[in-house]
Amino acid sequence: MVETITPTEASSAVEALHQLATVVLNEHTNDLGLCAVCGCAFPCERAALAEHNLTL
Ligand SMILES: [Zn+2]
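Since this is a predicted model, take the numbers as computed values, not measurements.

> I'd love a proper account of the side chain of N53, names of residues and values included.
Position of N53 among the secondary structure elements: in helix α2 (residues 45–54). Take N53: its relative accessible area is 16%, and that puts it in the buried class. Not counting the four nearest positions on each side in its chain, N53 is found in contact with L17, H18 and A21.

And the structure:
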């Protein structure tokens, strides 16, 4: 059995991904070169991933 998704489902999945990415980018901000949430060098892994998701 092959699972298919409708275009509507696909677009809402992309929309959810975009929304999540936006939230992540709003929280994981550049704080003097460090991520405000993770405390590691900015952009952190999650911010970079979110940015990548936004460009999809
Ligand atoms: Zn972070």
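Okay, back to it.
> A description of the confidence of the model for the chain should follow, citing residues and the corresponding values.
Of the residues in the chain, 100% reach a pLDDT of 70 or more, and the chain-wide mean stands at 93. Ranking the elements of the chain by mean pLDDT puts helix α1 (residues 7–27) last with 93 and strand β2 (residues 34–35) first with 98.

Cut-offs applied
- Residues numbered from 1 in each chain as written.
- Predicted model: local features only at pLDDT ≥ 70, side-chain atom pairs only at ≥ 80, totals over all residues.
- Heavy atoms only, no water.
- Helix = DSSP H or I, 4+ residues; strand = E, 2+ residues; numbered from the N terminus.
- Buried < 20%, exposed > 50% of the residue type's maximum accessible area, 1.4 Å probe, protein only.
- Contact = heavy atoms within 4.5 Å.
- pLDDT = per-residue confidence, 0-100.

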